[in-house]
Amino acid sequence: MNFAEWALGELKLPPGALVIDPWNGSGTTAAACARFGVSCQGYDINPVMVHLGRARVASSVDFEEAEELISTVDEIVSGDQFIDIQTVGSAFRELPVSNESAHSVAIAALFPYARGLLNLSRTKNPSWFKKGATFDGLSLTRSELFASWKLLLREISLWRSTQDDADGVVISIERGDSRKSLGRKDAFDGILTSPPYLTRLDYVQATLPEFLLLKEFDAVPDMQRLRRSMLGSPLTSERPAHSLERLPTDIRELLKRIETHASKASASYYHRFFSTYFVDLQASMRNIAKVLKGGAFGCMVVQSSHYKEVEVNLAAAIISLGEEFGLRHHLTFELDSRRSISLVNSRAHEDARKPKNEFTVFFRKE
């Protein structure tokens, strides 16, 4: 049993339970729910991750229909020996969306191919690509592209985690913003999730190849607006004083330590970055509390970080924010983690390069 399934077992879910994951990512929670036999509603603001998440929990029928979609696109463009991504995307968009999961599976299968096409545009930053990276001007052999597409479809089918025909279990993944709305009040029996960490990793820019492909194959939001909308985005904005005043005392004290730090840009960029994160996280926690039923348990996985020598204890911040909205801290598990972008950044501060503490925080809605 993996960690997510263990965590689901700790949530004391009732029969017929519905679980929510507001930061769905690649669909770890949704996949665990499919194996565990409980329904799940996942949300992610990045459309790339929505398609990946759907592919992870798609049925065998969805994969069969996705292969039919690929074959149909191949027939539409069959007169050309050489082809470009724009032409393939245009043909794909001509097809009606009768099965949303199959539609997502077909697109997600081509994501690794898109990443390979932009491989020469990578930089030393693991989440960044050269300015102006594009598929424009790339001429591809049609037979090779479609052979690769179908091969990747078979490979991604090995990654899926759903059990076909599970009675009463519904797994749904949609695009959504945790700060705005997560559905109707008192709808969910539990939550298992992991919000973006305070690493200044640009999650949208990190999926640039997939995003550029999706732009040709489906409707997508403006990329710059999406980057600014992400929780934890390095693109910051000023928050009104009254927004900061609503934060718990311990978080306001942390922000003051960052603002008054002697390092360059502490009072400007870095204070804005951390302020933006915590104000947005507070809005998300408010929405999480609204949609959880009374008595429901939740689990959030977070990681500590540093601003210079100042520790940013995200688990403590989650607990403080949750208490405001009736999410009472139940227990916390702690373990060392080496999964952090700062550990591969040779220019990171000495404290930032120390092993991180990862926390599994359980709470219960009163």
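If you're wondering where the values come from, they're calculated on a predicted model, not measured in any experiment.

Reading the values: the criteria
Residues numbered from 1 in each chain as written. Predicted model: local features only at pLDDT ≥ 70, side-chain atom pairs only at ≥ 80, totals over all residues. Heavy atoms only, no water. Helix = DSSP H or I, 4+ residues; strand = E, 2+ residues; numbered from the N terminus. Rg over C-alpha atoms; globule rule 2.2 N^0.38 Å. Buried < 20%, exposed > 50% of the residue type's maximum accessible area, 1.4 Å probe, protein only. Contact = heavy atoms within 4.5 Å. Areas by Shrake-Rupley, 256 points an atom, 1.4 Å probe, with all protein chains shown as cover. Lys, Arg positive; Asp, Glu negative; His and termini not counted. Charge placed at Lys NZ, Arg CZ, Asp CG, Glu CD. Phe/Tyr/Trp six-rings, centres within 6.5 Å; stacked < 30°, edge-to-face > 60°. Lys NZ or Arg CZ within 6 Å of the ring centre and 35° of its normal. 1 Å grid on protein atoms, 1.4 Å probe; cavity = no way out; pocket = protein on both sides within 12 Å on 5 of 7 lines; lining within 4 Å. Points joined across faces, edges and corners; volume = space filled by probe spheres on them. Nonpolar A, V, L, I, M, F, W, Y, C, P; charged D, E, K, R; others polar. Salt bridge = Lys/Arg side-chain N within 4 Å of Asp/Glu carboxyl O. Core = buried A, V, L, I, M, F, W, Y, C linked by side-chain atoms within 4.5 Å. Axes fitted to C-alpha atoms, helices over the stretch in contact; angles between N-to-C directions. Parallel < 35°, antiparallel > 145°, perpendicular 65-115°, else oblique. Left-handed = near helix turned anticlockwise from the far one by under 90°.

Novice: When you look at the overall build of the protein chain in this model, what are you seeing that I'm missing?
Specialist: A tally of helices and strands in the protein chain yields 15 helices and eleven strands. At 22 Å, the protein chain has a C-alpha radius of gyration in line with the 21 Å of a compact globule built from 366 residues. Viewed in the frame of its principal axes, the protein chain has a C-alpha envelope of about 65 × 50 × 35 Å. For the protein chain, the proportion of its 366 residues judged to be buried stands at 54%. Counting contacts in the protein chain only where the partners sit at least 6 residues apart, residues at least 24 apart contribute 79% of the total. Surface summary for the protein chain: the accessible area is close to 16,900 Å², and the carbon and sulfur share equals 49%. Looking at charge distribution, the protein chain has the averaged site of its 44 positive side-chain charges lying 8 Å from that of its 46 negative ones.

Novice: So what exactly am I meant to see when it comes to the packing of aromatic side chains here?
Specialist: The relation between two aromatic rings is expressed through the spacing of the ring centres and the mutual angle of the planes. In total, this model carries 14 aromatic pairs according to the counting rule given. Look at W6 and F362: their rings are 5.9 Å apart centre to centre, the planes differ by 85°, and that puts the pair in the edge-to-face class. Here the residue W6 occupies a position in helix α1 (residues 3-10), and F362 occupies one in strand β11 (residues 356-365), the gap between them amounting to 356 residues. The structure contains a cluster of three or more aromatic residues connected by ring pairs, namely Y269, Y270, F273, F274 and Y307. The ring centre of F297 lies 4.9 Å from the NZ or CZ of K12, which sits over that ring.

Novice: It is not clear to me how the layout of surface pockets should be interpreted in this structure. Could you clarify?
Specialist: In this approach, a probe sized like a water molecule rolls over the atoms, and the result shows the empty space that is left. If you add up the space inside the largest pocket, you get close to 1,300 Å³. Where the lining of the largest pocket is concerned, the elements lending two or more residues are α1, α2 (28-36), β6 (188-193), α9 (203-206), β7 (292-303) and β11. Ranked by residue count, the leading element in the lining of the largest pocket is β11, at three residues. Of the residues assigned to the lining of the largest pocket, the class counts are 19 nonpolar, 18 polar and seven charged.

Novice: I tried to follow the pattern of salt bridges on my own but got confused; where do I start?
Specialist: When the charged atoms of two side chains with opposite charge come close together, those side chains can pair. According to the stated counting rule, one finds 14 salt bridges in the structure shown. Across the pair K256 and E259 runs a salt bridge whose closest N-O atoms are separated by 3.2 Å. Of this pair, K256 and E259 both sit in helix α13 (residues 249-259), separated by three residues, roughly a single helical turn. Overall, K256 belongs to the partly exposed group, its relative accessible area being 47%. The exposure class of E259 is partly exposed, given its relative accessible area of 27%.

Novice: Honestly, the nonpolar core in this entry has me stumped. Any pointers?
Specialist: Nonpolar side chains tend to gather and get buried jointly when the protein is soluble and globular. One finds L145, W149 and F217 to be the most contacted residues of the largest nonpolar core, which totals 49 residues. Looking at this core, the elements that each hand over two or more residues are α3 (47-56), α4 (60-76), α5 (85-94), α6 (100-109), α7 (111-117), α8 (142-157), α10 (208-217) and α11 (223-229). Formed by 43 residues, the second largest nonpolar core is a distinct cluster that contains L182, L198, F273 and L327.

Novice: So what exactly am I meant to see when it comes to the packing of helix α14 (residues 266-291) against helix α15 (residues 314-324) here?
Specialist: For any two helices packed against each other, one specifies the inter-axial angle together with the distance between the axes. The contact between α14 and α15 brings their axes to 9 Å, and the two run at 45°. In terms of their interaxial angle, α14 and α15 are classed as oblique. Pair α14 / α15 crosses with right-handed handedness. Between α14 and α15, the contacting residues are Y277, F278, L281, Q282 and M285 on the first element and L314, A317, I318, L321, G322 and E324 on the second. Considering only residue class, the contact of α14 with α15 consists of eight nonpolar, two polar and one charged.

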